[in-house]
Every structure is written in structure tokens, then in C-alpha cells.
Amino acid sequence: MTEPFTRVAALPDHVGETVTLNGWLYNARGSKGLRFLELRDGSGLVQVVVNQEAVGEASWEAAASLTQESAFRVVGEVRADERQEGGVEVQAASVEVLALAEPYPITPKEHGVEFLMDRRHLWLRSRRQWAAMRVRNRIIMAIHGYFQGEGYVQMDAPVLTGNAVEGTSTLFELDYFDEPAYLTQSGQLHGEAMAMAHGKIYTFGPTFRAEKSKTRRHLTEFWMIEPEMAFYDLDMNMDVAEELLAAIVEAVTADCQPELAILERDVDALRASAQTPFPRLSYTEAVDLLTSDATQLMLDAEQEGLEDERHALEQERDQNRQAHGQAKKGEKRRIDAREIEINVRLDEIAEGLRNVPQWKASAAAFEWGADFGGSDETILTRHYTTPIIVHRYPAAVKAFYMKRDPEDDRLALGMDVLAPEGYGEIIGGGERATDLDFLRQQVEAHGLPESAFDWYFDLRRYGSVPHAGFGLGLERTVAWVCGLPHVRETAPFPRLLGRLHP
């Protein structure tokens with residue numbers, strides 16, 4: 001439909017025209033006879049110049065009365081100005097207050113994370129959160145675009161299930177008309193059934209893990225994209241995962257450069273990080289790398305670099321504080337803003353200096369057969385600039401439905417894709433077992449009720465074929481692409497241990 005007003009994002013196409021804008025006040029400043037209003041409307045920000053001599057008294061008073069996040073309407077002329085965001089600004093002819101906001105709780109000063117999370121419904125309006133959600137949207141569309149272009153059918157797996165997929169210890173159980181039921185951990189098992197009907201499918205939906213973890217990589221509710229492909233083996237599965245991630249990065253770096261700039265994400269580095277082919281290491285090769293002298297030397301160099309950076313930042317902060325007393329007002333604001341940046345980075349460095357010695361000890365003590373933890377994944381990816389694919393894990397650390405390696409029964413034909421820069425596993429999957437008797441044995445060995453899997457066993461009774469698939473965690477992928485330190489900023493309303501509000 002044609003809207004009766006113009007969006008900020010469209011203003012470059014309307015230079016020289018008079019437009020109507022609706023939005024909220026993001027920031028304001030002014031001097032005698034002039035007000036500069038930053039209007040945001042969800043599509044972007046634009047500066048509105050209100051000249052007292054060019055507008056009526058009512059519009060001037062309206063502009064002066066606006067508080068942060070007040071809603072207002074502007075009619076004015078779009079003018080080109082390369083100094084402004086988007087290359088335009090609007091010269092107001094009239095300003096109308098739509099809703100005057102109460103004193104806004106989130107101010108330009110620094111707030112703690114818990115304060116912001118308690119006000120997530122408002123925090124979403126801030127620049128960085130706005131940018132992250134726009135990138136999330138583009139990633140979602142890139143995922144659909146890739147699969148639809150490759151002939152996959154999107155299908156939906158149930159949220160309520162009668163069986164576990166990733167083990168019983170992380171299930172959310174509920175009463176389902178006097179029967180036990182669970183919030184799904186994965187759409188994979190049902191995805192296998194749908195792939196046997198359509199050949200190639202993908203599901204895109206919420207999944208739940210009752211894992212009592214507070215790490216920066218964990219949510220209790222998150223979105224999974226799970227392709228499943230009939231007649232695919234492990235190598236073909238890895239090819240799909242690689243192509244999908246490359247397509248995501250290509251789409252985001254092409255279409256989200258303003259958002260990535262707000263997030264201070266290096267577009268060239270991000271684009272380079274998705275150059276294919278990705279390195280592929282067997283689990284055994286990954287263990288050898290993790291426990292190698294090269295890893296210890298790399299971590300020694302990282303620790304030394306962090307200590308040097310900390311010293312330089314502390315010196316800069318001390319110098320800025322000494323200069324603050326004699327600085328002019330504008331320079332004081334710059335110094336104050338820089339101190340916030342320095343303190344944030346010093347906190348990150350302190351965490352790194354706590355982590356590196358632990359990583360060194362953990363890497364040196366790692367034994368073949370154990371599963372990789374978050375620190376192990378971080379260390380492995382430190383050796384590369386792109387994601388890496390680790391395959392053929394010990395069967396004991398993988399799900400019951402994984403096919404065994406015919407060349408080594410200790411191994412499962414599974415694979416994980418680990419993102420660089422410490423973001424860890426963003427994809428996990430593998431080739432599925434096709435032997436009915438083997439699956440029955442695995443269900444029994446894992447203490448799972450066979451009756452809950454009778455329909456799953458039917459997939460092996462009636463036309464069983466080699467097939468494979470994986471799950472991509474949307475929020476972890478958004479964190480990697482955006483360069484966000486914690487997945488809590490990758491979902492509109494994240495659900496974490498102890499957080500169900502707002």
C-alpha cells in the first residue's frame with residue numbers, strides 16, 4: 001500500500017520535495033532561534049532543522065516541548081547534506097506533538113546490563129540494538145533465500161513433543177492432558193520424516209533447553225534452522241553448511257553496511273572471514289592442535305598483547321583525566337565518552353587475562369575422547385580467520401542417532417562448525433544412522449522409552465536411505481556476524497536462566 005507519509009530510509013529519493021515524517025525524538029539540541037531534532041521512525045534517523053523564523057509559533061513551541069522518545073510529526077523539505085547521516089536533512093515547515101513522553105529511563109549515560117535488560121522493551125530503541133535486530137532480519141531472509149533457491153521446502157516441526165532429541169537432562173517438561181510432554185529441543189527427528197517425503201526440507205522455529213548455564217553463548221529459548229536432506233552423506237552435509245554461512249555473510253555485508261558501522265563491525269574482515277572453503281579438521285586433528293606447543297605459544301602471545309594494551313589504555317585514561325580540568329566543554333564531552341570506551345575495553349581485557357591462563361591449562365590437559373568445551377572451541381578458532389569444521393567426533397559425546405564411521409566404530413559421522421573470534425559452535429549436525437537394530441540399541445543404551453520412538457523407527461522400516469542434516473543456531477550466528485559479546489543482545493526478548501521479564 002502507499003503510505004500517507006514518508007519513511008526516513010526513503011528520504012534520499014525525495015531531495016527537494018516536501019514530505020511528512022512521523023517518528024520519535026531520539027535526541028535534541030539547539031541554540032537561539034534554532035532546534036535540531038533527531039527523528040527516528042524505525043527505518044533510520046534524520047536531522048530535522050526547526051528555524052523559529054520559518055515555522056509558526058505553535059510549531060516552535062511544539063519543537064521546544066519535545067522530550068526524549070516523544071512522538072511527533074514533521075512536514076518539511078528534504079535537502080541534501082553529505083555531513084548528515086543518510087546524506088540528507090529536513091527543513092521543518094511545521095512540527096506537531098503526537099504524544100509527549102514522560103522522563104525516559106534510558107539516558108545517553110552508561111547503564112549496567114541488568115538495568116538495560118529489565119528495560120529491554122525500551123532498550124530495543126537504542127542505536128546498537130536497532131542495528132543488531134536489522135542484521136538479524138537480514139540473516140533470516142538470507143537463510144530463506146539460500147534454501148528456497150536450492151530447492152528446499154520449508155516445513156514446521158512441532159514445538160510440543162513426546163521424546164527427547166538431545167538428551168533428557170535439558171528438557172522442559174509439562175503436562176499435556178495428563179500425559180508428559182516436552183518443549184522441543186530440536187526439530188530434527190520430525191525433519192527426517194519430512195525429508196523422506198520431500199527430499200530436501202528445512203525447519204525454522206523455536207527450540208528450548210533447560211540448561212542451567214549463564215555463559216554468554218546460552219539461551220533457554222532460541223531459534224534453530226534445521227535442514228535435512230535425503231541421499232546426503234557427511235561430506236555433502238558439510239558443503240551445505242559452508243555454502244549457507246557464506247551466503248549469510250555475503251547478504252549482510254552487501255545490504256547492512258550502515259548497521260554494521262553502528263555496531264563497529266569491520267565489513268572487510270567479516271567478508272574475509274567467510275571465504276570458502278573452510279578448514280576441515282577431524283576431531284583427532286583438532287585435539288592434536290589444541291594440545292600442541294603452537295597453541296601454548298599463541299596463548300602466551302595473546303596474554304602479552306592484552307597486558308600491553310591494558311598498560312597503554314591506562315596511560316591514555318590518566319592523561320585524559322589530567323587534561324579534563326583545562327578542557328573546553330566539547331572536549332570534556334569527548335574525554336568523558338572516551339573514558340567510557342576505555343573502561344569497557346579494560347573490563348574485556350581483565351576477563352581475557354583471567355581466561356588465558358585457564359585456557360592454557362585446559363588445553364594442555366585435554367584428553368582424546370572428551371567433548372570440546374567453550375574455551376577449547378575458542379582456542380581452536382584462534383588459529384584461523386574463518387569458521388572451521390570439526391568432524392568425526394567420538395560417538396560417546398554425540399547424539400544416539402548419529403551414524404558410526406565405518407572405518408572406526410569409535411567415531412560418529414558428526415560435524416560442528418565453529419565460528420572465529422571465540423563465538424564457538426554455530427552449527428552442529430551429521431549423517432544419520434539408518435540401521436534399525438542399531439537405533440533400537442542406542443535408544444535402550446541412553447535410557448529412552450522405545451515407545452516414544454516407534455514412529456521414528458518406521459523411517460528405517462519403510463525405504464530407509466542415507467541422509468544428513470544439521471542445526472544452525474540463529475542467535476549465535478547473529479552474535480558472530482554482528483560482533484556482539486553476548487547472545488542476550490541477539491534476540492528481541494531473550495530468555496535466560498532467571499530471566500522471564502519483560
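Residues numbered from 1 in each chain as written. Predicted model: local features only at pLDDT ≥ 70, side-chain atom pairs only at ≥ 80, totals over all residues. Heavy atoms only, no water.

(A) View of the overall build of the chain. Per the secondary structure count, the chain includes 15 helices and 18 strands. Each principal axis of the C-alpha atoms in the chain carries an extent, and together these give about 85 × 55 × 45 Å. Residues counted as buried form 48% of the 502 residues belonging to the chain. The long-range share in the chain, meaning contacts at least 24 apart out of those at least 6 apart in sequence, stands at 68%. As displayed, the chain offers around 24,200 Å² of accessible surface, 50% of which is attributable to carbon and sulfur atoms. Side chains of the chain give 52 positive and 81 negative charges; the mean places of these two sets differ by 7 Å. (Helix = DSSP H or I, 4+ residues; strand = E, 2+ residues; numbered from the N terminus. Buried < 20%, exposed > 50% of the residue type's maximum accessible area, 1.4 Å probe, protein only. Contact = heavy atoms within 4.5 Å. Areas by Shrake-Rupley, 256 points an atom, 1.4 Å probe, with all protein chains shown as cover. Lys, Arg positive; Asp, Glu negative; His and termini not counted. Charge placed at Lys NZ, Arg CZ, Asp CG, Glu CD.)

(B) Region of the structure containing the sheet that holds strand S1 (residues 18-31). Pairing is mixed around the closed barrel formed by five strands, whose spatial order is S1-S2-S3-S5-S4. In this sheet, adjacent strand axes meet at a mean angle of 50° when their direction is disregarded. In the sheet, S1 pairs with strand S2 (residues 34-40) via seven bridges, with the strands oriented antiparallel. Note that in S2 the partner of Trp24 across the bridge is Arg40. Where helix H1 (residues 57-65) meets the sheet, it contacts S2, strand S3 (45-51) and strand S5 (88-99), and its direction lies at approximately 85° from that of S5. (Pairing = 2+ DSSP bridges. Axes fitted to C-alpha atoms, helices over the stretch in contact; angles between N-to-C directions.)

(C) Representation of the packing of helix H10 (residues 293-324) against helix H11 (residues 329-365) within the structure. Across the interface, H10 lies against H11 with an axial gap of 9 Å and an inter-helix angle of 160°. It follows that H10 is roughly antiparallel to H11 by the angle criterion. Where H10 crosses over H11, the handedness of that crossing is left-handed. Looking at the contact of H10 with H11 residue by residue, the classes come out as 14 nonpolar, seven polar and 16 charged. (Parallel < 35°, antiparallel > 145°, perpendicular 65-115°, else oblique. Left-handed = near helix turned anticlockwise from the far one by under 90°. Nonpolar A, V, L, I, M, F, W, Y, C, P; charged D, E, K, R; others polar.)

(D) Local environment of the sheet that holds strand S10 (residues 200-208). Spatially, the eight strands line up as an open sheet ordered S6-S10-S11-S18-S17-S16-S13-S12, and their pairing is mixed. Each edge of the open sheet is held by one strand with a lone partner, namely strand S6 (153-154) and strand S12 (280-282). Relative to the sheet, helix H6 (residues 234-255) contacts strand S11 (221-230), S12, strand S13 (388-391), strand S16 (414-419), strand S17 (424-431) and strand S18 (467-473), its axis offset from that of S18 by approximately 30°.

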